[in-house]
Structure formats: C-alpha cells, structure tokens
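Next come the chains, spelled out residue by residue.
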Amino acid sequence: GAGVSQSPSNKVTEKGKDVELRCDPISGHTALYWYRQRLGQGLEFLIYFQGNSAPDKSGLPSDRFSAERTGESVSTLTIQRTQQEDSAVYLCASSERTQSPLHFGNGTRLTVT
Amino acid sequence: AQSVTQPDIHITVSEGASLELRCNYSYGATPYLFWYVQSPGQGLQLLLKYFSGDTLVQGIKGFEAEFKRSQSSFNLRKPSVHWSDAAEYFCAVVTLQGGKLIFGQGTELSVKP
C-alpha cells in the first residue's frame, strides 16, 4: 500500500515568503507528526495530531509556524515570513495510533535564500 | 520534562566488530522505546521497539536492544557490524499515557574496512 507522501520534495523560497508543506498519511493512521531536521542534526519535534484531540503544538519554534490536519487525513505545515534558519528537511510521519511505530515520508527539503 | 539522550555523536567501528549505541531517557512513566536508522539519502526505518515483556528485544538486520529500567537505558547492540550498517541511528521514546514521540540527537556510525 501507499506510504506517507510529502510534497513538494524540494522547495526553494525567498526570505520573507510564506510556504506550505503537505503531508498525506497512510490511510487509517490516526496519529500524525511533523519534525524538522537541520543538516547533520537530529529530529526536532514540531507538532503532533492524534485523532480529534487538540494537537500538541509544543514544538513549534515560533508563531510563524502553524499546522492543520483535516480529520485523519491530509496535514499542511505553514511557515510564514520564512527566515534562513528555517532551511531544513521537514519530515512527516504517521502511525496507526499513539505509541505505534512511525512511518516516515521522504521529507520536504526547504531552502530559504 | 521528557528527554532522550544519545551521548555519542559519532562512533567508528571496524567491520566485523561488535557495536553498542547508548540511549538514556528521562520520564516519570513507563515508556515505549524505539530505535530508528537513517541511511544516507534514505528515509527513517524502524529497527526495533520495546513496549513490555522481555527486556531484550530483537530487531531487523541483526540488531537487538536491552531495556534497563534501573538505568533508564535502552542501548542498541549488534555482535558483528557490516559496512552497510554505516548510518545515523536515533533512539526515540513515547510514554504509555500517550503523547509525542521524542527523538535523541542521533549517533552517526562509521564502519572502517
């Protein structure tokens, strides 16, 4: 079956522009996570959705970052007024439920010039 | 606050030698524990997981890990390393009560001939 799909795979944007990253989780997966991975570094938790519960936004680095999820389907991560330090790979992952192993997408590589 | 520590940023081992990657966690509750591997240019793949029961768990590619509650550790081991094991390894934790999955900073493994 299809895995986690992220689009675009690469995005180059100018400083100050807004970007929107998309994640299509595996069908039926109730949990969805966004992580950021800067070059040569670990996975930084951003936000977590579980079913219809309020999302855990504790990892969002600033109010320029926001994310939404439609039911148990697509999620979008929006970064407003992008800065150069936002350059990173943004990874989305989904799981059947909380505590189940995660299935990762291939990520979106964001470059802010 | 919950945290995961991988004390070793980079480890180099000879092919055929044994390997141990360290992971320590800080939680008040019983955790679920995972090890993921990220090979160059590839996505994250689950190696193994611990939920309950036998504290020594077997994973894919000949890896195993042991959960030691008294030491708050979940170290990854392999008796004989292959050149193809060169990758970044991440330990991750989530609590039984649910919530976000937190990753350690990763350990980069290099394998020399």
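Residues numbered from 1 in each chain as written. Chains lettered and ligands numbered in written order. Predicted model: local features only at pLDDT ≥ 70, side-chain atom pairs only at ≥ 80, totals over all residues. Heavy atoms only, no water.

J.: Would you explain the state of the cysteines in this entry?
T.: Put plainly, two cysteines are in a disulfide when a covalent bond ties their sulfur atoms together. Here the structure, examined in full by the defined rule, presents two disulfides over all chains. Each sulfur in the disulfide pair Cys23(A) and Cys92(A) lies 1.9 Å from the other. The S-S bond linking Cys23(A) to Cys92(A) shows a torsion near -65°; that makes this disulfide left-handed. Here Cys23(A), found in strand β3 (residues 19–24), pairs with Cys92(A), found in strand β8 (residues 88–95); they are 69 residues apart in sequence, far enough to count as distant. Across the disulfide, Cys23(B) is cross-linked to Cys91(B) (sulfur-sulfur distance 2.0 Å). Classification of the bridge connecting Cys23(B) and Cys91(B) rests on its S-S torsion, roughly -65°, and on that basis the disulfide is left-handed. Separated by 68 residues along the polypeptide, Cys23(B) in the loop between β3 (19–21) and β4 (24–26) and Cys91(B) in strand β10 (residues 87–95) bring together distant segments of the chain. Note on accessibility: Cys23(B) and Cys91(B) belong to one class, buried. (Disulfide = S-S within 2.5 Å. Helix = DSSP H or I, 4+ residues; strand = E, 2+ residues; numbered from the N terminus. Buried < 20%, exposed > 50% of the residue type's maximum accessible area, 1.4 Å probe, protein only.)

J.: Honestly, the pairing of strand β10 (residues 108–112) of chain A in this entry has me stumped. Any pointers?
T.: A regular strand places its side chains so that they alternate between the two faces of the sheet. All names here are of chain A. Going residue by residue along β10, you find Thr108, Leu110 and Val112 tucked away on one face and Arg109 and Thr111 left uncovered on the opposite face. Where strand β2 (residues 10–13) meets β10, four bridges bridge the pair, whose relative direction is parallel. Looking across to β10, one finds that Thr13 is bridged to Val112. Strand direction decides the pairing type here: β8 and β10, joined by three bridges, are antiparallel. Bridge assignment links Val89 to a residue of β10, and that residue is Arg109. (Pairing = 2+ DSSP bridges.)

J.: Please clarify how the pairing of strand β7 (residues 75–79) of chain A should be interpreted in this entry.
T.: Residue and element names in this part refer to chain A. Across the five residues that make up β7, a large majority, five, are buried. When β3 meets β7, the two strands line up antiparallel, connected through five bridges. In the sheet register, Glu20 faces β7, and the bridge partner there is Thr78. From the end of strand β6 (residues 65–69) to the start of β7, which pair antiparallel, there are five residues, and Gly71 there has a positive phi angle of about 55°.

J.: Sorry if this is basic, but what is going on with the nonpolar core here?
T.: Nonpolar side chains in soluble globular proteins generally cluster together in the buried interior. Membership of the largest hydrophobic core comes to 48 residues, with the highest contact counts inside it found for Tyr35(A), Phe104(A), Trp35(B), Tyr89(B) and Leu101(B). With seven residues, the top contributor of residues to this core is β10(B). Those residues within four positions of Phe104(A) in sequence are excluded, and the remaining contacts are Val4(A), Tyr35(A), Leu43(A), Leu91(A), Cys92(A), Ala93(A), Tyr36(B), Leu44(B) and Phe103(B). With 20 residues, the next largest nonpolar core counts Leu21(A), Ile26(A), Trp34(A) and Leu77(A) among its residues. (Core = buried A, V, L, I, M, F, W, Y, C linked by side-chain atoms within 4.5 Å. Contact = heavy atoms within 4.5 Å.)

J.: Quick question: what am I supposed to make of the interface of chain B and chain A here?
T.: Size of an interface, as often reported, equals the accessible area lost when the parts are brought together. Every contact between the two is made by 21 residues of chain B and, on the other side, 17 residues of chain A. Taken together, both faces of the contact between chain B and chain A bury some 1,400 Å²; the carbon and sulfur share is 61%. Counting the surface chain B buries against chain A, the share from its top three residues, Leu44(B), Lys100(B) and Phe103(B), is 33%. The interface formed by chain B and chain A includes zero salt bridges. (Buried area = accessible area lost by both parts, 1.4 Å probe. Salt bridge = Lys/Arg side-chain N within 4 Å of Asp/Glu carboxyl O.)

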